[in-house]
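Descriptive analysis of the structure
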Amino acid sequence: MERIGFIGLGVMGKPMARNLLKAGYPLVVYNRSRPPVEELAAEGAEPAGSPREVAQRSDVVITMLPDTPEVEQVLAGPDGVFEGGRPGLIVIDMSTIDPMAARRLAAQATERGIVMLDAPVSGGEIGAIQGTLSIMVGGDAAAFRRCLPILQAMGRNIVYMGESGAGQVTKAANQVVVALTIAAISEALVLAAKAGVDPAKVRQALLGGFAGSRVLEVHGQRILERNFRPGFRIRLHHKDLRIALSLGRAVGASLPLTALVHEWLGALVARGHGDLDHAALVTLVEEWAQTQVRPQAAVAARDQEGGPADGRLAAGGGAQRPAAAVVRPRSPEVGGVPEALLRGAGGPSRSLAAVAGGRPRRQHHPALQRPGHLPQQRGGPPGVPRGEAERTQRSFAPGLRPITPSLA
Ligand code: NAD
């Protein structure tokens, strides 16, 4: 049995390495931080002190790292895999990285007699734990055939895509579909909640029809439960769409929807939410609509528990006050977003905290507002003096009048 080296023991890498151990492969492991190394060492893996050492002690080295720079450093940097690998070593990079970089690294490997496959995965943490990942492989076909049993210990749907970089191109396409689907589901569920229809029932109904998908099943449920623990981190999906856009530019494919959702993800990263699960995309759409996606049953239960909420959101037509849109503070989880995560690198986002339940707000359906009338705003935006805020409001007021298209 091949001796396998595994580098990068995060959300994905650790359970994948564990599955190799379970399949009986001798395993050498390395990670930047020590705890996952020690955890796997307790289960039978051998720890190593550097990527170079991993390569020296392995027949096949697998990397599962965040992004292109980390893979370049671990493979081609000082004390890296290429320095320690002897001719005949096979490197399988299972991270999601730039396809051009994957090709460059494969060429560098070839100069040393090392064979490199790009084999990114889809299926998330659950797929990694259950050993049911989809794996899309590019590179030398003979090396792929030799490594197939190793890949089968981690995944089910394993497809050989073609020459070096083809696996990463496939993964970029995958990430476009997943991101745009989460965005579409976010808009659909926010629309339903704001219109007073139970978003849980909407998800259920859609799952049985043409709009049904695995993303609606898994992330739709995450959204309803406000479970934004990663999973797949927003910053990683932001990176993946950057890769897709850069590939699109290189080959001359225009990807306007991908560009849009890339900006959404970037806005969440800028707010310090890069480590939330990508299902948290919905929080932006919720903020724009000033409502929250919650199953009506959950909201009704909360109402019983705490009595009628002050400042409940009036969603939909305003006269109706559907329970789906009631927002009340919860602690230590704020509306399902763990407070610790709300206090990420960029500090807590007031807007997300408010949408998540930290500050109940009364909503005004646009149809109920007079032309030119602005919703009451106390104190104006943060950092803008009150007088300035009022001037700003006046100067923007005409823009809020409905525009009637003229046929003349
Ligand atoms: P992660 O951030 O949880 O894990 C990355 C691991 O790499 C961490 O343990 C980190 O300590 C380690 N690391 C970083 N730099 C290192 C270095 N220089 N040397 C050694 N170790 C280093 O990320 P993840 O969610 O496991 O994702 C890994 C890759 O898989 C990414 O490319 C991601 O896009 C892709 N992916 C993730 C998922 C998912 O659902 N999480 C799904 C499919 C693909």
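Residues numbered from 1 in each chain as written. Predicted model: local features only at pLDDT ≥ 70, side-chain atom pairs only at ≥ 80, totals over all residues. Heavy atoms only, no water.

**A short note on the overall build of the chain**
- The number of helices and strands found in the chain is 18 helices and 11 strands.
- With 408 residues in all, the chain has 48% of them scored as buried.
- Across the chain, every contact between residues at least 6 apart in sequence was considered, and the portion connecting residues at least 24 apart equals 66%.
- Only carbon and sulfur atoms are counted for the fraction: they give 55% of the accessible area of the chain, which is about 19,200 Å². (Helix = DSSP H or I, 4+ residues; strand = E, 2+ residues; numbered from the N terminus. Buried < 20%, exposed > 50% of the residue type's maximum accessible area, 1.4 Å probe, protein only. Contact = heavy atoms within 4.5 Å. Areas by Shrake-Rupley, 256 points an atom, 1.4 Å probe, with all protein chains shown as cover.)

**Things to note about the side chain of serine 50**
- Along the chain, serine 50 turns up in the loop between strand 3 (46–47) and helix 3 (51–56).
- On the accessibility criterion, serine 50 (9% relative accessible area) is buried.
- Once you skip the residues sitting within four places of it in the chain, serine 50 turns out to touch Tyr30 and Asp79.

**A short note on the site of the ligand**
- In the neighbourhood of the ligand, 28 residues make up the surrounding shell, with Met12, Asn31, Leu65, Pro66 and Lys239 lying closest.
- Take valine 11: an N or O atom from its main chain is 3.0 Å from an oxygen atom of the ligand.
- A distance of 3.0 Å separates a nitrogen atom of the ligand from a polar backbone atom of arginine 32.
- Protein chains shield 93% of the accessible area of the ligand, which is 840 Å² for the free molecule. (Near = heavy atom within 4 Å. Polar contact = N/O pair within 3.5 Å; in protein donor to acceptor, adjacent residues only side chain to side chain.)

**Some details on the environment of arginine 32**
- With respect to the helices, strands and loops of the structure, arginine 32 is situated in the loop between strand 2 (27–30) and helix 2 (35–42).
- Taking the relative accessible area as the measure of exposure, arginine 32 reaches 74% and is therefore exposed.
- Between the C-alpha atom of arginine 32 and that of glycine 8, which follows or precedes it by 24 residues, the distance is 7.4 Å.

**Things to note about the pairing of strand 9 (residues 155–162)**
- As judged from the six bridges shared by strand 8 (residues 133–138) and strand 9, these two strands associate in the parallel manner. Looking at the pairing, serine 134 lines up with asparagine 157 of strand 9.
- Where the polypeptide runs from strand 8 across helix 8 (residues 141–152) and back to strand 9, its parallel neighbour, the crossover connection is right-handed. (Pairing = 2+ DSSP bridges. Right-handed = clockwise from strand over helix to strand, strands pointing away.)

**Considerations on unusual backbone geometry**
- Residue glycine 231 follows proline 230 across a cis peptide bond; omega there is 15°.
- On the secondary structure map, glycine 231 appears in the loop between helix 11 (214–225) and helix 12 (234–251).
- One non-glycine residue with positive phi stands out, namely aspartate 79, at about 65°.
- Mapped onto the elements of the fold, aspartate 79 is located in the loop between helix 4 (68–76) and helix 5 (81–84).

**Considerations on the pattern of salt bridges**
- Summed over all chains, the structure comprises 18 salt bridges.
- In this structure, lysine 239 and aspartate 240 form a salt bridge, with 2.9 Å as the shortest nitrogen-oxygen distance.
- For lysine 239, a relative accessible area of 6% gives the class buried.
- Overall, aspartate 240 belongs to the buried group, its relative accessible area being 1%. (Salt bridge = Lys/Arg side-chain N within 4 Å of Asp/Glu carboxyl O.)

**A closer look at the packing of helix 9 (residues 166–194) against helix 14 (residues 282–289)**
- Where helix 9 meets helix 14, the closest approach of the two axes is 9 Å, and the angle between their N-to-C directions is 35°. Regarding helix 9 and helix 14, the two cross each other, and that crossing is right-handed. Contacts between helix 9 and helix 14 involve Ser186, Glu187, Val190 and Lys194 from the former and Val282, Val285, Glu286 and Ala289 from the latter.
- Residue composition of the contact of helix 9 with helix 14, grouped by class: four nonpolar, one polar and three charged. (Axes fitted to C-alpha atoms, helices over the stretch in contact; angles between N-to-C directions. Left-handed = near helix turned anticlockwise from the far one by under 90°. Nonpolar A, V, L, I, M, F, W, Y, C, P; charged D, E, K, R; others polar.)

**As for the environment of glycine 220**
- You can see glycine 220 is positioned in helix 11.
- Since its relative accessible area comes to 0%, glycine 220 is described here as buried.
- Put simply, glycine 220 and leucine 189 are 31 residues apart on the chain and 8.3 Å apart in space, counted from C-alpha to C-alpha.
- Those residues in contact with glycine 220 that lie beyond four places of it in its chain are Ile185, Leu189, Arg203 and Val215.

**Some words on the packing of helix 9 against helix 12**
- Following both chains from N to C, one finds helix 9 and helix 12 inclined at 120°, their axes separated by 9 Å at the closest point. For the element pair helix 9 / helix 12, the angle class is oblique. Classified by chirality, the crossing of helix 12 by helix 9 is left-handed. Between helix 9, through Val169, Ala172, Gln175, Val176, Val178 and Ala179, and helix 12, the contact on the second element is made entirely by His237, Asp240, Leu241, Ala244 and Leu247.
- Looking at side-chain class alone, the contact of helix 9 with helix 12 contains eight nonpolar, two polar and one charged residues. (Parallel < 35°, antiparallel > 145°, perpendicular 65-115°, else oblique.)

**What to know about the pairing of strand 8**
- Summarising burial for strand 8: five of the six residues are buried, a large majority.
- In terms of strand pairing, strand 7 (residues 121–122) meets strand 8 through two bridges, oriented antiparallel. Paired with valine 121 across the bridge in strand 8 is isoleucine 135.

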